[in-house]
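An overview of the molecular structure
Listed here are the chains, written in short residue letters.
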Amino acid sequence: MLTIALPKGRIAEETLDKFEKAFGEKFVFEDRKLILKKSGFTFLNVRNQDVPTYVMHGAADLGVVGLDVLEEKEYDLIKLLDLELGKCKVAFGLRRGEKLNFDKSKITIATKHEKIAKKFFEQKAMAVEIIKLYGSIELAPLVGLCDCIVDIVETGETMKQNGLEVGPTIMESSAHLIANKNSFYAKKDLILDLKEKIEVHL
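Here is what the cut-offs are and how they apply
- Residues numbered from 1 in each chain as written.
- Predicted model: local features only at pLDDT ≥ 70, side-chain atom pairs only at ≥ 80, totals over all residues.
- Heavy atoms only, no water.
- Helix = DSSP H or I, 4+ residues; strand = E, 2+ residues; numbered from the N terminus.
- Buried < 20%, exposed > 50% of the residue type's maximum accessible area, 1.4 Å probe, protein only.
- Areas by Shrake-Rupley, 256 points an atom, 1.4 Å probe, with all protein chains shown as cover.
- Lys, Arg positive; Asp, Glu negative; His and termini not counted.
- Charge placed at Lys NZ, Arg CZ, Asp CG, Glu CD.
- Contact = heavy atoms within 4.5 Å.
- Axes fitted to C-alpha atoms, helices over the stretch in contact; angles between N-to-C directions.
- Parallel < 35°, antiparallel > 145°, perpendicular 65-115°, else oblique.
- Nonpolar A, V, L, I, M, F, W, Y, C, P; charged D, E, K, R; others polar.
- Core = buried A, V, L, I, M, F, W, Y, C linked by side-chain atoms within 4.5 Å.
- Domains from an automatic or database assignment.

**Things to note about the overall build of the chain**
Assigned secondary structure in the chain consists of eight helices and 11 strands. Considering only C-alpha atoms, the chain reaches an extent of 55 × 30 × 30 Å along its principal axes. Across the 202 residues of the chain, 46% fall into the buried class. Total accessible area on the chain is roughly 10800 Å²; 47% of this is exposed by carbon and sulfur atoms. Once the 31 positive and 32 negative side-chain charges of the chain are each reduced to a mean point, those two points are 2 Å apart.

Here it is in structure tokens:
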């Protein structure tokens, strides 16, 4: 039996679709249920940001989560497979017509990706002030709260509609299959068998 934490929404559905192709069975969460048990698997339906936490603490053997979330959490987990789902990037958002000025003595950033942004500026040996925001982040540069934002970008449409444009990319992201280290060693054959079956349908 393997327990797998899936992020709610589209990525969970697309991951279950891969399981259906791999095992020739239907895997669907009924109504608002958070647990699905079938064919030797238990799937947990959790918030995207919480997937690595469930896996790290052993409540799930495996998880499916974006690389950006993994980078932000900095947990000691095994990255098994890039599922090539939910492709996006973590990038800067700037007021239209502006460029990122790396010569400034200090840049103020608004983001929920604090560690990713901090690491980027540390590598450039630049001073940065990070303001943590949880939503409506595009508003921050428009009202003078910050110089620019760091956010997830899929199409760039949200930034565009709010008077911003997509700046330099910090990292590319997609959904990865991850494993708890203890689970990996205790259930190695099961996990590697699952990885192989899914890999065929990528």
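**Quick notes on the side chain of aspartate 61**
Tracing the backbone through its elements, the reader meets aspartate 61 in the loop between helix H2 (51–56) and strand E4 (62–66). Given the relative accessible area of 7%, aspartate 61 is considered buried. In contact with aspartate 61, other than residues within four places in its own chain, are Met1, Leu2, Thr3, Val55, Ile178, Ala179, Asn180, Ser183 and Lys187.

**A closer look at the packing of helix H1 (residues 10–23) against helix H8 (residues 188–199)**
Running from N to C, H1 and H8 cross one another at 95°; their axes reach a closest spacing of 9 Å. One element, H1, and the other, H8, form an angle in the roughly perpendicular class. The residues of H8 that touch H1, namely those facing Lys18, Phe19, Ala22 and Phe23, are Leu194, Lys197 and Ile198. Of the residues belonging to the contact of H1 with H8, the class tally is five nonpolar, no polar and two charged.

**Considerations on the nonpolar core**
Formed by 27 residues in total, the largest nonpolar core has its most connected members in Phe92, Ile107, Ile109, Phe121, Cys148, Val150 and Ile170. Of all the elements in the fold, those that place two or more residues in this core are strand E3 (41–46), H2, helix H3 (67–73), strand E6 (88–95), strand E7 (106–111), helix H4 (114–123), strand E9 (148–153) and strand E10 (164–173). Each of domain 1 (2–87 + 174–200) and domain 2 (88–172) accounts for three or more of the residues forming this core.

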